[in-house]
Number of protein chains: 2
Amino acid sequence: MMIFTEKEIRSCVGLDLEAVRVIEEAFTDLAVSKVITPPIMRIDIEESNGEVDIKSAYVAGKPFFAIKVSSGFFDNYKLGLPSANGLMMIVSTVTGEPEALFLDNGYLTEVRTAAAGAVAAKHLAKEEVQAVGIIGTGAQARYQLRALQLVRRFEQVLVYGRSPQKVQAFKEEVEKELGIEVTACSSPRQVVVSCDIVVTTTPAKDPIIKADWLHPGLHITAMGSDAEEKQELEAEVLNKADRIICDRKDQCLRLGELHHAAEQGDGKTADQAIELGEITAKRIEGRRSDKDITVCDLTGTGVQDTAIALYAYKWLKAQKTSGLIIENKKISFS
Amino acid sequence: MMIFTEKEIRSCVGLDLEAVRVIEEAFTDLAVSKVITPPIMRIDIEESNGEVDIKSAYVAGKPFFAIKVSSGFFDNYKLGLPSANGLMMIVSTVTGEPEALFLDNGYLTEVRTAAAGAVAAKHLAKEEVQAVGIIGTGAQARYQLRALQLVRRFEQVLVYGRSPQKVQAFKEEVEKELGIEVTACSSPRQVVVSCDIVVTTTPAKDPIIKADWLHPGLHITAMGSDAEEKQELEAEVLNKADRIICDRKDQCLRLGELHHAAEQGDGKTADQAIELGEITAKRIEGRRSDKDITVCDLTGTGVQDTAIALYAYKWLKAQKTSGLIIENKKISFS
């Protein structure tokens, strides 16, 4: 079994057009191939304000599939630790043997999640974009912006977050790294009304974005909600959209924005939702006019994890110097 | 993160009375403590005649919980490889960080599964036992026998398996290792009618044991069935038993012998089933007389994995020389 550290993984896998292509293909696989994606396994540890998710997906014909363990422990900041953690492994689909372990501390998840945002924007946002809005100031907010830069040109970023200190840090870091002007907004409304693309990246339990703020041409990617109680968009936002897209319909109906729209609406909204893979597979059109309002609900699927892990493994194995090999033969009964 | 190989794990954890005590406590925890056991995640890979299960359980108040990946690829023998494989990890319940990885190739599963058989026999088999019957000749058949020797004295073993070669190998190995006479039987009936304890350890999809063969005083532990389509006992076997015990009722109703009894019977049998933890916690009596016919349906639960993993970690950490430590600090956004 080969074991790779975060540093080794980062040296091979970046958030670039190749990663976006890999994730785009994963969504197409979901639509056109035989993919087994069991429901997410979730362990909530209330005493520590923590949650652990386990995701997996097997794409028929691939030599390996991935199993991902990811955790979010939201009081870790009190201990000076990051809230997100995790690792991935790949398992042989021929023999069931564990093949490689990626001690990535959640890095590959950041990459595949941001890449999904880029895939959504590529197919759903207007071609000409002036301003991009970001709700939330965490690590994934930064990754989403980087990913959007791969598929759209834009001159301005508007950001809203609850902590002024974090907004300021976000502004400084993004302006320095991406060379793009960032405006701190005093309300989420200001972000939404001024932008062509809005990405929400929060663990909100009460909706942040209101339907009243929508305007023709807007595209929203909501990637924060991945649990029953989370919600970033008013249900009415989905009712008002011309196009509702999601990564995995059954999962979004349980854990995503679709879930709340289905519960609070007449069921029509949920019925109309299209899976992103239907669009990347060119079975269904994405945005149809510059006036469309489009909303993409991303909850994160195991097929993204399997795709990014197999992609990482291809490069890590090729780069022969890295990776720790543990020889661990099975000892037979004696 | 600490990483341990099978050899290191075997040097610390054996199938002994201490392991049986740990698993007995785990069942008691299931009955009396707050335990979160999400449904098993299962990925079937039909092309390779393989299956991968992921199990987990969090026992409130423990510093870690385990996640186990175990696979069974039943054509592996054609490649000269064992069918079973897997690994376990433990994760901090305080911070969500991965703490240790056990590259045990399924060894800890063999131990915790056999230990559960010993717990069942301890509480459910007659005190005086002449002969023990084993259906199946795989590795777990051997482990179950070793485990039974920890809780009951017996002079004779009867075995039935479909392959005469495997039966012969089983007989030779067990006679040599355990110093006990083994009789190869030509039918499962011969095993059941002659024994006080029978353990079934097969992946059978059609029932092997018939209700007609039951006799007063018999105890059966059925540990093979852990999937919807598997079945080792006729449904009528459960209907005829005086006491039906299972490891986890909701799981056995989906994956175990209870599932078939519930489907084919009038539902009474399933209603009467008692969880093993109710007995180890001394809330309910086990065997009540030497005439009782008792049946224990074991599907394997995540709480056993968490218990054996935490037990292994305690010893492995104490034995400072073993274990590979990988320093892998999270790299922040840059």
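Scoring rules and cut-offs
Residues numbered from 1 in each chain as written. Chains lettered and ligands numbered in written order. Predicted model: local features only at pLDDT ≥ 70, side-chain atom pairs only at ≥ 80, totals over all residues. Heavy atoms only, no water. UniProt positions renumbered as here; feature names shortened; annotations may be inferred. Pairing = 2+ DSSP bridges. Helix = DSSP H or I, 4+ residues; strand = E, 2+ residues; numbered from the N terminus. Contact = heavy atoms within 4.5 Å. Axes fitted to C-alpha atoms, helices over the stretch in contact; angles between N-to-C directions. Salt bridge = Lys/Arg side-chain N within 4 Å of Asp/Glu carboxyl O. Buried < 20%, exposed > 50% of the residue type's maximum accessible area, 1.4 Å probe, protein only. Least-squares fit on C-alpha atoms with pLDDT ≥ 70 in both. Domains from an automatic or database assignment. Buried area = accessible area lost by both parts, 1.4 Å probe. Polar contact = N/O pair within 3.5 Å; in protein donor to acceptor, adjacent residues only side chain to side chain. Parallel < 35°, antiparallel > 145°, perpendicular 65-115°, else oblique. Left-handed = near helix turned anticlockwise from the far one by under 90°. Nonpolar A, V, L, I, M, F, W, Y, C, P; charged D, E, K, R; others polar.

- In the annotation of an unreviewed UniProt entry, chain A is listed under the name Ornithine cyclodeaminase and assigned to Bacillus thermotolerans.
- Recorded under Sequence similarities (unreviewed entry), the UniProt text for chain A is reproduced unchanged: "Belongs to the ornithine cyclodeaminase/mu-crystallin family."

### A closer look at the sheet that holds strand E10 (residues 181–184) of chain A
Residues and elements named next belong to chain A.
Part 1: The strand order E10-E9-E8-E11-E12-E15-E13-E14 describes an open sheet built from eight strands, whose pairing is parallel. Each end of this open sheet is capped by a strand with a single partner; those strands are E10 and strand E14 (274–275).
Part 2: Bridge analysis of strand E8 (residues 131–135) against strand E11 (residues 197–200) gives four bridges, and the strand direction is parallel. Considered in E11, the bridge of Val 132 is made with Ile 197.
Part 3: Contacts from helix H3 (residues 107–124) reach E11, strand E12 (219–222), strand E13 (243–246) and strand E15 (294–297) within the one sheet, and its direction differs from that of E12 by about 160°.

### A look at the pattern of salt bridges
Part 1: Applying the stated criterion to the full structure yields 42 salt bridges over all chains.
Part 2: In this structure, Arg42(A) engages Glu51(A) in a salt bridge whose closest nitrogen and oxygen atoms are separated by 2.8 Å.
Part 3: Residue Glu51(A) is classed as buried on the basis of its relative accessible area, which comes to 11%.
Part 4: Note that Arg152(B) is salt-bridged to Glu127(B), the shortest N-O span being 3.8 Å. In this pair, Arg152(B) is assigned in the loop between helix H4 (139–151) and strand E9 (156–160) and Glu127(B) in the loop between helix H3 (107–124) and strand E8 (131–135), connecting sequence segments 25 residues apart.
Part 5: Residue Glu127(B) is classed as exposed on the basis of its relative accessible area of 60%.

### Considerations on the relation of the copies chain A and chain B
Part 1: Laying chain A over chain B is done by rotating through 180° and shifting 0.0 Å along the axis; what remains is an RMSD of 0.0 Å. Interpreted geometrically, this transformation is the action of a two-fold axis. When C-alpha distances to the rotation axis are compared across chain A, the minimum falls at Met41(A), with a value of 3.4 Å.
Part 2: Of the interface residues in chain A, 100% have counterparts in chain B that sit at the interface too, so the contact is made through matching surfaces.

### Thoughts on the domain arrangement of chain A
Interface size is commonly expressed as the accessible surface area that is lost when the partners come together.
Residue and element names in this part refer to chain A.
Part 1: What the domain assignment reports for chain A is domain 1 (2–108 + 303–325) and domain 2 (123–300).
Part 2: Taking only C-alpha atoms, the centre of domain 1 and the centre of domain 2 are 24 Å apart.
Part 3: Tallying the contact residues gives 20 residues for domain 1 and 22 residues for domain 2.
Part 4: Across the domain 1 to domain 2 interface the summed buried area is about 1,700 Å²; carbon plus sulfur atoms make up 57%.
Part 5: In terms of surface lost to domain 2, no three residues of domain 1 exceed Leu 15, Phe 27 and Ala 31, which account for 30% of the buried area on that side.
Part 6: Counting the contacts that link domain 1 with domain 2 gives one salt bridge.
Part 7: Two residues, Lys 230 and Glu 51, come together in a salt bridge whose shortest N-O distance is 3.6 Å.

### Topic: the environment of Arg287(A)
Residue and element names in this part refer to chain A.
Part 1: Residue position: Arg 287 is located in the loop between helix H11 (276–280) and E15.
Part 2: Note: C-alpha distance between Arg 287 and Val 35 (252 residues apart in sequence) is 26 Å.
Part 3: Once residues within four sequence positions are removed from consideration, Arg 287 is found in contact with His 123, Leu 124, Ala 125, Lys 126, Gly 217, Leu 218, His 219, Asp 292 and Thr 294.
Part 4: Of note is the side chain of Arg 287, whose polar atom sits 3.0 Å from the backbone oxygen of Ser 289.
Part 5: For Arg 287, the side chain forms a polar contact with the side chain of Thr 294, separated by 3.2 Å.

### Things to note about unusual backbone geometry
All names here are of chain B.
Part 1: Positive phi, close to 50°, is recorded for Asn 105, a residue that is not glycine.
Part 2: Turning to its location among the elements, Asn 105 is positioned in the loop between strand E7 (98–103) and H3.
Part 3: With a phi close to 65°, Lys 282 is a non-glycine residue in the positive phi region.
Part 4: Turning to its location among the elements, Lys 282 is positioned in the loop between helix H11 (276–280) and strand E15 (294–297).
Part 5: You can call Lys 282 exposed: its relative accessible area is 71%.

### A word on the packing of helix H4 (residues 139–151) of chain A against helix H5 (residues 164–178) of chain A
Describing two packed helices takes the angle between their axes plus the distance from one axis to the other.
Residue and element names in this part refer to chain A.
Part 1: In contact at an axis separation of 11 Å, H4 and H5 are set at 30° when each is read in the N-to-C sense. On the basis of their axis angle, the class for H4 and H5 is roughly parallel. Here H4 and H5 pass one another in a crossing that is right-handed. Residues Ala 141, Arg 142, Leu 145, Arg 146 and Gln 149 of H4 form the contact with H5, whose own contacting residues are Ala 169, Phe 170, Glu 173, Val 174, Glu 177 and Leu 178.
Part 2: For the contact of H4 with H5, the residue count by class is six nonpolar, one polar and four charged.

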